[in-house]
Structures are given as C-alpha cells and as structure tokens.
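The chain contents come next:
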Amino acid sequence: MSHSSKTVRHLSALTALVLAGALGLAGCASDEQAAGSGSSGGVTFDKKLVDAAVAKAKSIVGDKKLSGSLSVMGDNSGSEGALLQAFYKPFTDATGVKVNYTGSGDNLNVVQSRVAAGNPPDLVTTAPGVMRQYSTTHKLLNLSSFMSDELNGSYTKSVLDTASIDGKVYGVYQGFNNIELWYNPESYTGPKGDSATWQQVQDWTEKEGAAGKTAWCNAQGGGTSNGYPGELFIEALFAKKYGAQATEDWGTGKLSWTSPQVKDAFQTFGAIATHDQYVNGGVKGSLSQDTGTGSNGLVAEPPTCQAVVWGSWTGGLIAGSAKGVEPGKNLDFMKIPASEPQYANTETYSAEVTYAFKDSPETRAFLQYLASDQAQALLASANHWPVSNKNVSPDTYTDPILQSISKTYFGADTQLAAGPALLSKTAVITGAAKGVVQYLQDPSSLDSVLQQIQDLEDGK
C-alpha cells in the first residue's frame, strides 16, 4: 500500500514522502469503479463485500467481549486515508472497537518520536525494515503464535517470508506493489514475452535511439532531492541478474555498495538512463520530471516514450492524469526481462506491513481481520492497490490491469526480492537516492557515488 516508499533500521522520510505521493496519486479509481452500496467517509464499497467482512470480524471475535479503541499510524492520508478508514469500519461495526487511524507523510519520524517517548501507537504501518528494527528494542506481536494457519492458507511462503523475523510472521500486508515494465501496446516495438532478456531490451533501446526514437520515460521526481525511482529501477535490474538472496544481502549490508555486482546494476541502468537519446527530455529533463505525471509520455499523442520501469501504481498514475487511457489497448505492463533466465520470476516490490506494539484481544482480532480473505477482498475491490492474499480472486478488481497484476505476481512461482529500499537504514536510502541523481548528472562519478553510500552504510 502506501510506501509510499535488514539488519534493518528505518526507511527515510524522503522515501516515505516519495512513495506516499506516488501511491496517493495511484489511488485514483473512479467513482464508477468503486461504486456499490456500502459507504463510509466518502468511500463506497459493495455491500455484499462489506457484509462479508463484518461477518468475518464477528466470527474472529466469537464470544469475546471487546471494547475500547486502537491507534493505528501509517503514511496514507487524504483520499487514501479515507479508504483505509472505510476498510477498517466493518471491524468496528462487528466488534465495537473504534479504530483511530492517523496518516502522515512524516509517519516514520512521528512514530520514531512516539517510540522514543515510550508511547508507541498500538499498531503501525511501515516498511518491513522498520518493523525489524523496532523488534530489536521492543516486543512486537508474533502473529505466528495465534494465526499461523490463517496466514499459511491465504498467503504464499514468499509473501510471508518478507513479513517475518527469524521465521515468525509479525506483519500483515494491506496493499502490495511490484516493480514492472510498463508500455503502450500501440507504440511499443521492444521485446516481450517470457523469453525476453534484458540484453534484448538494451539492444532495442540502442536501435531506437539510433533511429531518433526515444524509448524510455524515466522521471526522477524533480531535481537533486529525488532519484528514488532510479533506485527501484536499479534494484529490479540487480534482482533479475543476481537473485533474491543477493538482493537481500545487499539490503542488509552483507554485500557492499562497492561490490562488482552493485556497480554492474548501476551501469546497466546507466546504459539507458545516462543517454539523452534514450530518455524522454534527455537526462537533464528526466531529473526535473515529476513522478506523478512523468510516465504520461507512454499515452501521449504522439507518444514521447515507449517504456517505463515503475511500480504497480503506474497505471493509476497515468489514468489519473492523462486522457484517453484504455488499459490493455494503449497501456499495459509485463515482468521486467531478466539478465539471467533462472531469475525471470524474481520480483522486487514496494510495500508496507502493519504490525503491533500492543498485545491485546482487540489488537489480535484486528490483525486477523486485516489478513482475512474477506477483508482483503474488500480492499482489493477499491481498485487502488493489488493485494497479496492468494485467495482473493482477480475478478474482485474491476480494473483489468490490477486483475492481470494479481494473476501475474502472487502465485507460488514468484520469488520476492527485498533490497535496500526496504531494508536499509535511513541514511543509506537517502544517500542512494541522491547518489542516483549524482550518477545521472556525472556518470564518471559512479565509483565515488558508491563509496559515499557505503560510507553511510558503515556509519562514517
């Protein structure tokens, strides 16, 4: 869900703001898409799904008498915060427990202040790395101790592993966004299909550039304060060449930023991103383009690019800010082609988990509700984010692209790869984003950039 954007510390406020902004725009399902007959706070759900969620919450509680309230903190505010409040309402209706949700783009700093003051909220939604960091200083609620069967029945091992600490599940994903290659089927001339390789993508990029055609949109968010989209692009390329374990080793600091593998991933990204003829607006232009609208060139008349690497929210970003978008006709996605065939199903992602500082009957029931098939189906029906619950039918989404994402990424064959964007400490993530910008401005600075990021990893 919002990210917005492990010997793990906490995700940077910069990352949270970038991703929260991206997903805030991504949550742009139309009123018609979300229409139904159960509503709260301006958010409308289908009454049958609401009733099913209420019934599930009641069955979770059983004969227990719950009361009081729960405090929940996360990144989502505005329309996305309203969506979450509506999503939580069936639990309140069933149990009488009021869920007080607070969403803020500065969520990580606010939570950190609350924790430091000895007054953490009952539940928090953050990146898995933040959860792991807090687990070293606080006793978080171990979900495997009371809802293991439900989790194993509704989520793949790969999904559960990314929400686990030492083999025990501590967090529940509400939304889940993979990183994909987005393209316009009406104009894209590059390689497609399961057998496509990244070298073929690179060869196509160069051929298009030589013919005076711009292959890529690569918006980095508005100048030297950003670069996070490039960081996600680089991580995806790394995972598709070196696999999930190496990606996690990189994220947790076991693999150095100055290693040949990491340098290779940056250079593979740079083989596209540092060349004016390959990216819309040239390199300088890409650094000044906002991520909310920077991919719209895919569907422009005429298109100004043919491909974008960005998250599952991209379809919503484009549809919410460009005219004439027809999913499947002039906008679609595919898995990022791999450099090594054995990693074709290795996928990076950007997502957050909800976990608990407080252990109480109310907290346990709420987390069981969040993870349930019925609640996840309700959330999916809003067409804002994909959900990772494998029992939620793709038909629950009315958006055809989200239907396709659900079918593509949440099967048993997918190996999830979590890298630095989810696993590193604040200084490293911030430094990496700035390093991407520095590298794009001056490709010859790569060795220096990587050493600077490694110095941050080492605490220098």
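Our subject is the structure that appears above.
Here the structure is a predicted model, which means the values were calculated and not measured.

Examining the state of the cysteines
Taken as a whole, this structure holds one disulfide when the rule is applied. At a sulfur-sulfur separation of 2.1 Å, the disulfide partner of C217 is C305. Because the torsion about its S-S bond is -95°, the bridge between C217 and C305 counts as left-handed. Remark: C305 occurs in the loop between α12 (282-288) and β10 (307-311) and C217 occurs in the loop between α9 (198-210) and α10 (228-251); sequence separation between them is 88 residues.

Some remarks on unusual backbone geometry
For the bond running from E301 to P302, omega is -5°, close enough to zero to count as cis. Tracing the backbone through its elements, the reader meets P302 in the loop between α12 and β10. Positive phi, close to 50°, is recorded for D166, a residue that is not glycine. Tracing the chain through its elements places D166 in the loop between β6 (164-165) and β7 (168-169). Even without a glycine there, the phi angle at N383 is positive, about 60°. Tracing the chain through its elements places N383 in the loop between α15 (373-380) and α16 (400-409).

Some points on the pattern of salt bridges
Taken as a whole and judged by the stated rule, the model has eight salt bridges. Residue K241 pairs with D264 through a salt bridge whose shortest N-O separation is 2.8 Å. Here K241 is found in helix α10, whereas its partner D264 is found in helix α11 (residues 260-273), with 23 residues between them in sequence. A relative accessible area of 26% means that K241 is categorised as partly exposed. Salt-bridge contacts for K329 lead to E326; the nearest nitrogen and oxygen are separated by 3.8 Å. For K329, a relative accessible area of 44% gives the class partly exposed. Relative accessible area serves as the criterion here: at 41%, E326 is assigned to the partly exposed category.

Describing the nonpolar core
The biggest cluster of nonpolar side chains holds 138 residues, and the ones touching the most others in it are W216 and Y369. Broken down by element, the residue count for this core peaks at nine residues, all from α10.

Digging into α9
In this model α9 runs 18 Å from its N-terminal to its C-terminal C-alpha over 13 residues, within 8% of the 18 Å that 1.5 Å per residue would give. Tucked into the core, α9 has its buried residues touching β9 (177-183), α10, α11 and β10. Of the residues flanking the end of α9, it is G212, one or two places downstream, whose phi is positive at about 80°.

Some thoughts on the packing of aromatic side chains
Tallied over the full model, the rule gives 27 aromatic pairs. Between W204 and W216 the ring centres are 6.4 Å apart and the planes differ by 65°, which places this aromatic pair in the edge-to-face class. Taken as a pair, W204 in helix α9 and W216 in the loop between α9 and α10 lie far apart in primary sequence, 12 residues in all. Exposure class is identical for W204 and W216. Each is buried. Pairwise contacts between aromatic rings join Y183, Y188, W198, W204, W216, F233 and F269 into one cluster. Above the face of the F146 ring, R364 is positioned so that its terminal group lies 4.5 Å from the ring centre.

Overview of the environment of Y173
By secondary structure assignment, the location of Y173 is in strand β8 (residues 172-173). Judged by relative accessible area, Y173 falls into the buried class, the value being 2%. For Y173 and W204, which are 31 residues apart along the polypeptide, the C-alpha to C-alpha distance reads 37 Å. Within the structure, the side chain of Y173 is placed 3.4 Å from the side chain of Y349, a separation counted as a polar contact.

Here's the deal with the sheet that holds β8
Read from one edge to the other, the open sheet built from five strands follows the order β4-β3-β5-β13-β8, with strand pairing classed as mixed. Either end of the sheet is taken by a strand with one partner, and the two such strands are β4 (98-103) and β8. Taken together, the two bridges between β8 and strand β13 (residues 353-356) define a ladder with antiparallel strand orientation. Paired with V172 across the two strands is T354, which belongs to β13.

Rules behind the numbers
- By convention here, each chain's residues receive numbers from 1 onward along its written sequence.
- Given that this is a predicted model, residues contribute local features only at a pLDDT of at least 70 and side-chain atom pairs are listed and counted only at 80 or more, while totals for whole chains, interfaces and linings are drawn from all residues.
- Heavy atoms throughout the structure, all of them, feed into the side-chain values; hydrogens and water do not.
- Any two cysteine sulfur atoms lying within 2.5 Å of each other are counted as a disulfide.
- Strands here are runs of E lasting at least two residues and helices are runs of H or I lasting at least four, both read from the DSSP assignment and numbered beginning at the N terminus.
- Salt-bridge detection follows one rule: a side-chain nitrogen of Lys or Arg within 4 Å of a carboxyl oxygen of Asp or Glu.
- Whether a residue is buried, partly exposed or exposed follows from its accessible area with a 1.4 Å probe, protein chains only, as a fraction of its type maximum: under 20%, in between, or over 50%, in that order.
- Take the buried Ala, Val, Leu, Ile, Met, Phe, Trp, Tyr and Cys residues and link them wherever side-chain atoms come within 4.5 Å; each set so joined is a nonpolar core.
- A helix is expected to reach a length of 1.5 Å times the quantity of its residues less one.
- The contact definition used throughout considers only heavy atoms, calling two residues in contact when any of these lie within 4.5 Å.
- Within 6.5 Å between ring centres, the rings of Phe, Tyr and Trp (the latter by its six-membered ring) count as paired, and their orientation is classed by plane angle as stacked under 30 degrees, edge-to-face over 60, tilted in between.
- For a Lys NZ or an Arg CZ to count as sitting over a ring, it must be within 6 Å of the ring centre and within 35 degrees of the ring normal.
- The definition of a polar contact used here is a pair of N or O atoms within 3.5 Å, where within protein one atom must be able to donate a hydrogen and the other to accept one, and adjacent residues in sequence count solely through side-chain atom pairs.
- Strand pairing requires that DSSP identify at least two bridges connecting the strands.

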